[in-house]
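Listed below are the residues making up each chain.
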Amino acid sequence: MPDLLTIIQWWFPLFIIGLIFLPISNYFFSDFNDGGYLFAKVFGIGLTTYAVFVLGFLRILPFSTASIIFILWIFLMFNIYLVKKQKLKIKDIPLKMVIFEELLFFACILAWTYVRGNEPSINGLEKFMDFGFLNSILRTTYMPPNDMWFTPFSINYYYFGHLGTAVLTKISLLPSLLTYNLMISTLFAFAFTLAFSLGSTLISSFAKKGKTIAGGLITAFFLAMGGNLHTIYSLFKPYDVENPVPFWKLVFTPQTFPNSYWYPNATRFIPFTIHEFPIYSFVVSDLHGHVLDIIYVLLLISLSFVLFKKGLSKALLVTISLFLAIMYMTNAWDGAIYLMLVGFVLFARNYMEVKLHNKKNKILSKLVLAFKKTVIPFFSMAILFVIFTLPFSLTFKPFASGIGVLCAPDFLTKMGHIGPFLFEANHCQKTTWWEFLTLYGAFYFFVISLLIFMARTKKKILETDIFVLILTILATILIIVPEFIYLKDIYPAHYRANTMFKLVYQSFMLLSIVSSYTIVRIITSTKNIVFYLITVLILVAIFVYPYFAIKGYYGDLKNYKGIDGTIYLQDKYPSDYKAINWINKNIKGTPVIAEAQGDSYTDYGRISSNTGLPTILGWTVHEWLWRGTYDIPAPRIEEVRNLYETQNRDVAKQILTKYKVIYVYVGDLERQKYPNIDEEKFNSLGKIIFQDGNTRIYKIN
């Protein structure tokens, strides 16, 4: 593989980070099958990035490779101290499992890098935004980083995961045009291997070693590569995507399988909503918050399992609180979702520990006592969560403007709102039962099977059974919530899309763990042929999805182009490609560069995205979402147009001064966007420092 040495250069710091943080991970996960080996990497990335963030926010340490190495050295000393003080037996960690997991981790990076290398372009969907965040952070000296599309403001988004990518970029000594794609591959590797670690540990409570490994792999495939039952539509005549119907109302056409099946439809099946899952995210490769947070989600679920098994220690309380904060800063919804999980687990643990001698009203009394025991530690976590997020929250304004209530009665819609609750007319989207069945039917077959198994089994119900049921309860709540409320954002017709997206993405991962656990739990205990048959059919349906998705996005995987995410520019915008490379090589810091403003999901904003240099205005709708109102970015649209088209030198000078513009970019998109462009004024206000054909960069005096 041509990029093998580059992949090794990227993987090696991850390997070292895992070794440094192994004592911390083993302290919590000593009972896991791998002694916490894989989760050590996540501890390392999360804690190092958080230290970089806080020290940068306080302006104690600049964001640099040297600072990161210094922070890692401090953590190394702490971990050595931890080994000595806690008398951790690192040597007891099973070496064979460690070697297997590390090889599996590297193989996953290698495999997905090859897939991604067939279409590595950092172009389309949200990639400009994510790449822009990464590049802006890499140019940042202190936190918070600049918004590359709205100078002089900082990023008003969940950028902690992008900061973590920047940390790995710095210490790998690789350029971001490579590390963007390598991070996608790494997230796939983490999703697969962390799910393996957690799944195999849960299953080891009742299965022998061979079945434990197999069960871990089933969990890994379910979570990282599973789809949903929507693939059954590949057997039928294509439907109108805007008006889906049950598959049994379509014409069965096996002779044309797979019927031009289009993989994104499985994530947009319910009209006006989004219901994605990990393999779709890895395929389209947007380096977005919900994908970057997968590593912390799996860590938090695993820490919750430790809490359930061992109870809450001070160290665990602080660690869970910190990583809930990290999750919030990476993908805000997840902080609240998994705080809820911790609350459920803590309550269940306390309920199991309560012992009463009086049998009268025993269940109710236990519930009350368990609740009382849960309140103080839960709110302690919530308070620590707020404290840990404070450096981020001081410069971040949430997007939501209220809680919308679906299908509100007329008398409430006339009122408009009561406190934070909004009652909007004609806001009554609902999911049909057959849409639920298509998206979640596979999962709930296994949920119902587990409940029946637990009700009928003569064997003792295990603690892991109860923990898995808690995951099921949370996942079910997350699926139901968007049927009643939504958080209000700027999208008129898709008003519940983001709410559903953020919630059910987590449901998919939770239910993947539940389903794989159930399969092994039942197979090792019973011989139910009907269950076996249905399970096989379900697995075929969900695991055929990666075939459709990878083929749809990457073709037949016979055209490996490498992992340079900007190489597409050579053909699409050759002069821009040369200019971007020149800027990244010759312009340091974060001076402002003017470029054409354009709509979201277009190629506008390509200079700021590919360099990290801030511009006056990039993707307008995105800034509208991040700033809360269209009135904030809107005036800049005409200002940028005026800057390029005015023949009045003083007017141009005034705009340049207002936004402290140092460079003006004039390329093909600027000429298309502003047909009346006047370049003469730029010659009088500055000088040309780069030129390739009709593409020029002016430096303003």
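Below or above, wherever it landed, is the structure these notes cover. None of these values were measured; they are calculated from a predicted model.

Turning our attention to a nonpolar patch on the surface. Together, Phe70, Trp73, Ile74, Leu76, Met77 and Ile80 line one region of the surface with nonpolar side chains, adding up to about 530 Å² of accessible area. As for its placement among the helices and strands, Ile74 is situated in helix α4 (residues 65-86).

Here we take up the pattern of salt bridges. It is possible for side chains of opposite charge to pair when their charged atoms get near one another. This model, assessed by the stated rule, comprises 25 salt bridges. Note that Glu119 is salt-bridged to Lys561, the shortest N-O span being 3.8 Å. Highlighted residues: Glu119 in the loop between α5 (95-116) and α6 (127-138) and Lys561 in the loop between α21 (545-554) and α22 (569-572), separated in sequence by 442 residues. Of the residues examined, Glu119 reaches a relative accessible area of 22% and is grouped as partly exposed. Asp603 is the salt-bridge partner of Lys572, the closest N and O atoms lying 2.7 Å from each other.

Our next topic: unusual backbone geometry. A cis amide bond, omega 0 degrees, links Met143 with the succeeding residue Pro144. With respect to the element layout, Pro144 can be found in the loop between α6 and α7 (160-172). The step from Thr151 to Pro152 runs through a cis peptide bond, and the omega angle for that step is 5 degrees. Structurally, the position occupied by Pro152 is in the loop between α6 and α7. Positive phi outside glycine occurs at Arg59, with the angle close to 60 degrees. Notably, Lys660 is not glycine yet its phi reads approximately 55 degrees, a positive angle.

Read across the sheet, 4 strands follow the order β2-β3-β1-β4 without closing on themselves; strand pairing throughout is mixed. Because the sheet does not close on itself, it has two edges, and the strands there are β2 (417-418) and β4 (485-487). Alignment of β2 against strand β3 (residues 421-422), held across 2 bridges, turns out to be antiparallel. Counterpart to Ile418 in the pairing with β3 is Phe421.

Definitions and cut-offs
- Residues numbered from 1 in each chain as written.
- Predicted model: local features only at pLDDT ≥ 70, side-chain atom pairs only at ≥ 80, totals over all residues.
- Heavy atoms only, no water.
- Patch = residues over 30% accessible without salt bridge, like charges linked within 9 Å, V, L, I, M, F, W, Y side chains within 5 Å.
- Areas by Shrake-Rupley, 256 points an atom, 1.4 Å probe, with all protein chains shown as cover.
- Salt bridge = Lys/Arg side-chain N within 4 Å of Asp/Glu carboxyl O.
- Helix = DSSP H or I, 4+ residues; strand = E, 2+ residues; numbered from the N terminus.
- Buried < 20%, exposed > 50% of the residue type's maximum accessible area, 1.4 Å probe, protein only.
- Pairing = 2+ DSSP bridges.

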